[in-house]
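Chains, contacts and geometry: an overview
Chain by chain, the residues:
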Amino acid sequence: IVTNIAVSDLQKLELGLTVRTTTRTPIPPPSEKPFIKVVKVDGRTVTLRLQQDSERRAKPAKVAGATIFVGYGPDAPQTLADWEYYTATGRTTVEIDFPPSTTLDTVWITAFWQNAKDESGPAATPVSLTLMPGGELPQAKEMKLAA
(Lines give C-alpha, C1' and ligand atoms only; values in the text may rest on other atoms or scores of the structure.)
Protein backbone atom coordinates (compact mmCIF):
# COMPACT_ATOMS: atom_id res chain seq x y z
CA ILE A 1 0.00 0.00 0.00
CA VAL A 2 1.36 3.38 -1.02
CA THR A 3 0.29 6.47 0.84
CA ASN A 4 -0.16 9.60 -1.23
CA ILE A 5 0.02 12.64 1.01
CA ALA A 6 -1.30 14.79 -1.86
CA VAL A 7 -4.77 13.23 -1.33
CA SER A 8 -6.55 14.87 1.62
CA ASP A 9 -8.62 13.04 4.19
CA LEU A 10 -11.75 14.77 2.81
CA GLN A 11 -10.98 13.46 -0.69
CA LYS A 12 -10.49 9.95 0.71
CA LEU A 13 -13.86 10.13 2.47
CA GLU A 14 -15.55 11.34 -0.73
CA LEU A 15 -14.10 8.27 -2.49
CA GLY A 16 -15.56 6.04 0.23
CA LEU A 17 -12.18 5.12 1.71
CA THR A 18 -11.48 4.67 5.39
CA VAL A 19 -9.42 7.40 6.99
CA ARG A 20 -7.25 6.22 9.86
CA THR A 21 -7.00 8.36 12.93
CA THR A 22 -3.52 9.44 13.92
CA THR A 23 -4.18 9.46 17.65
CA ARG A 24 -4.41 6.32 19.73
CA THR A 25 -7.20 5.73 22.17
CA PRO A 26 -5.67 5.32 25.63
CA ILE A 27 -6.55 2.16 27.55
CA PRO A 28 -7.63 3.15 31.06
CA PRO A 29 -6.79 1.08 34.13
CA PRO A 30 -9.37 -1.66 34.82
CA SER A 31 -12.37 -0.37 36.73
CA GLU A 32 -13.68 -3.76 37.88
CA LYS A 33 -12.31 -5.96 40.61
CA PRO A 34 -11.90 -9.69 39.96
CA PHE A 35 -14.26 -12.27 41.40
CA ILE A 36 -12.21 -15.11 42.94
CA LYS A 37 -13.78 -18.55 42.66
CA VAL A 38 -12.10 -21.45 44.47
CA VAL A 39 -12.37 -24.40 42.09
CA LYS A 40 -10.49 -27.09 44.04
CA VAL A 41 -8.41 -27.65 47.15
CA ASP A 42 -6.06 -30.66 47.01
CA GLY A 43 -3.95 -30.86 50.14
CA ARG A 44 -2.16 -27.51 50.26
CA THR A 45 -2.68 -26.73 46.56
CA VAL A 46 -5.55 -24.36 45.78
CA THR A 47 -6.93 -23.98 42.25
CA LEU A 48 -8.81 -20.76 41.68
CA ARG A 49 -10.43 -18.98 38.76
CA LEU A 50 -10.44 -15.21 38.31
CA GLN A 51 -13.67 -14.01 36.70
CA GLN A 52 -15.54 -10.80 35.90
CA ASP A 53 -18.26 -11.78 38.39
CA SER A 54 -19.96 -14.91 39.70
CA GLU A 55 -21.49 -15.59 36.25
CA ARG A 56 -19.04 -14.33 33.59
CA ARG A 57 -15.88 -16.45 33.50
CA ALA A 58 -13.71 -14.38 31.14
CA LYS A 59 -11.45 -11.43 31.87
CA PRO A 60 -13.03 -8.02 31.25
CA ALA A 61 -12.32 -6.27 27.94
CA LYS A 62 -8.88 -4.64 27.67
CA VAL A 63 -7.53 -6.55 30.66
CA ALA A 64 -4.16 -8.21 30.04
CA GLY A 65 -3.93 -10.23 33.24
CA ALA A 66 -4.00 -10.24 37.00
CA THR A 67 -1.67 -10.04 39.98
CA ILE A 68 -2.33 -12.37 42.92
CA PHE A 69 -1.42 -11.86 46.58
CA VAL A 70 -1.73 -14.20 49.58
CA GLY A 71 -1.89 -13.57 53.29
CA TYR A 72 -1.82 -15.69 56.43
CA GLY A 73 -3.63 -15.46 59.76
CA PRO A 74 -7.10 -15.39 61.26
CA ASP A 75 -7.95 -12.03 59.65
CA ALA A 76 -7.35 -10.63 56.17
CA PRO A 77 -4.26 -8.41 55.92
CA GLN A 78 -5.21 -4.76 56.31
CA THR A 79 -2.42 -3.04 54.37
CA LEU A 80 -0.66 -3.80 51.10
CA ALA A 81 2.58 -4.38 53.00
CA ASP A 82 0.91 -7.23 54.92
CA TRP A 83 0.09 -9.13 51.70
CA GLU A 84 2.65 -11.43 50.07
CA TYR A 85 3.08 -11.25 46.29
CA TYR A 86 2.37 -14.64 44.68
CA THR A 87 2.36 -14.18 40.89
CA ALA A 88 1.29 -12.13 37.89
CA THR A 89 -0.50 -14.07 35.18
CA GLY A 90 -2.37 -13.69 31.92
CA ARG A 91 -4.43 -16.78 32.71
CA THR A 92 -7.71 -16.90 34.57
CA THR A 93 -7.12 -20.31 36.21
CA VAL A 94 -4.23 -20.46 38.68
CA GLU A 95 -2.83 -23.07 41.08
CA ILE A 96 -1.34 -21.81 44.33
CA ASP A 97 0.97 -24.18 46.20
CA PHE A 98 1.08 -23.23 49.86
CA PRO A 99 4.15 -24.29 51.86
CA PRO A 100 4.09 -27.38 54.11
CA SER A 101 2.84 -26.92 57.65
CA THR A 102 2.21 -28.96 60.79
CA THR A 103 -0.80 -26.84 61.79
CA LEU A 104 -4.15 -25.76 60.39
CA ASP A 105 -3.55 -22.54 58.48
CA THR A 106 -6.02 -19.84 57.48
CA VAL A 107 -4.89 -18.30 54.20
CA TRP A 108 -6.27 -15.31 52.34
CA ILE A 109 -6.18 -14.66 48.60
CA THR A 110 -6.81 -11.43 46.70
CA ALA A 111 -6.03 -10.20 43.19
CA PHE A 112 -6.39 -7.23 40.88
CA TRP A 113 -6.75 -6.90 37.12
CA GLN A 114 -4.15 -5.01 35.12
CA ASN A 115 -4.07 -3.62 31.59
CA ALA A 116 -1.28 -3.95 29.01
CA LYS A 117 0.50 -0.92 30.52
CA ASP A 118 0.61 -2.67 33.95
CA GLU A 119 -1.89 -0.23 35.43
CA SER A 120 -3.96 -1.94 38.09
CA GLY A 121 -7.59 -1.81 39.06
CA PRO A 122 -9.23 -2.29 42.47
CA ALA A 123 -8.41 -5.38 44.54
CA ALA A 124 -10.83 -8.29 44.78
CA THR A 125 -12.70 -9.02 47.97
CA PRO A 126 -10.31 -11.38 49.80
CA VAL A 127 -11.34 -15.03 50.14
CA SER A 128 -10.18 -17.24 52.99
CA LEU A 129 -9.52 -20.95 53.26
CA THR A 130 -8.43 -23.19 56.11
CA LEU A 131 -5.75 -25.59 54.91
CA MET A 132 -5.03 -28.90 56.62
CA PRO A 133 -1.55 -29.69 57.89
CA GLY A 134 0.60 -31.51 55.40
CA GLY A 135 3.27 -31.42 52.79
CA GLU A 136 6.82 -32.56 53.13
CA LEU A 137 8.62 -30.68 55.83
CA PRO A 138 12.39 -30.31 55.63
CA GLN A 139 14.14 -33.12 57.52
CA ALA A 140 16.53 -32.24 60.31
CA LYS A 141 20.06 -33.32 59.45
CA GLU A 142 21.81 -35.68 61.82
CA MET A 143 24.98 -34.32 63.22
CA LYS A 144 27.90 -36.66 63.88
CA LEU A 145 29.96 -35.79 66.88
CA ALA A 146 33.67 -36.36 66.71
CA ALA A 147 34.89 -38.82 69.32
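The structure under discussion appears in the preceding block.
For every chain, the first residue of its written sequence is number 1, and the numbers climb from 1 along that sequence. The predicted origin of the model limits local features to residues at a pLDDT of at least 70 and limits the giving and counting of side-chain atom pairs to 80 or more, whereas totals for whole chains, interfaces and linings rest on all residues. To get the side-chain values, take all heavy atoms of the structure and skip hydrogens and water.

1. Things to note about unusual backbone geometry
Most peptide bonds adopt trans geometry, and most residues besides glycine take a negative phi value. Even without being a glycine, Lys62 presents a positive backbone phi close to 65°. Helix and strand definitions follow DSSP, with helices as H or I runs of at least four residues and strands as E runs of at least two, each counted in order from the N terminus. On the secondary structure map, Lys62 appears in the loop between strand E2 (45-51) and strand E3 (65-72).

2. Examining the packing of aromatic side chains
Ring geometry is summarised as follows: Phe, Tyr and Trp rings, the Trp one being its six-membered ring, pair when their centres sit within 6.5 Å, and such pairs are stacked at plane angles under 30 degrees, edge-to-face over 60 and tilted between the two. Considering all chains together, one arrives at three aromatic pairs under this definition. Between the aromatic rings of Tyr72 and Phe98, the centroid separation amounts to 6.1 Å while the plane-to-plane angle is 90°, which identifies the pairing as edge-to-face. On the criterion of sequence distance, the pair formed by Tyr72 in strand E3 and Phe98 in the loop between strand E5 (93-97) and strand E6 (105-114) is long-range, its members being 26 residues apart. Note on exposure labels: buried denotes an accessible area under 20% of the residue type's maximum, exposed denotes more than 50%, and partly exposed covers the range between, all computed with a 1.4 Å probe on protein chains only. The class for Tyr72 is partly exposed, based on a relative accessible area of 39%.

3. A word on the nonpolar core
Core analysis: the largest hydrophobic core is formed by 19 residues, its most contacted members being Ile36, Leu48, Leu50, Ile68, Ile96, Phe98 and Ile109. The dominant element in this core, judged by the number of residues it contributes, is E6, at four residues. We call a set of buried Ala, Val, Leu, Ile, Met, Phe, Trp, Tyr and Cys residues a nonpolar core when their side-chain atoms join them within 4.5 Å. With five residues, the next largest nonpolar core counts Ala76, Trp83, Trp108 and Phe112 among its residues.

4. Description of the side chain of Gln114
Tracing the sequence through the fold places Gln114 in strand E6. Note on Gln114: relative accessible area 13%, which makes it buried. Among the polar contacts listed, one links the side chain of Gln114 to the side chain of Thr67, at a separation of 2.4 Å. Ignoring any residue separated from it by four or fewer positions in sequence, one finds Gln114 in contact with Pro30, Val63, Ala64, Gly65, Ala66, Thr67, Glu119 and Ser120. Any pair of nitrogen or oxygen atoms within 3.5 Å is treated as a polar contact; in protein, a donor-acceptor pairing is required on top of that, and neighbouring residues in sequence qualify only through side-chain atoms on both sides. Here, residues are in contact when the closest pair of their heavy atoms is within 4.5 Å.

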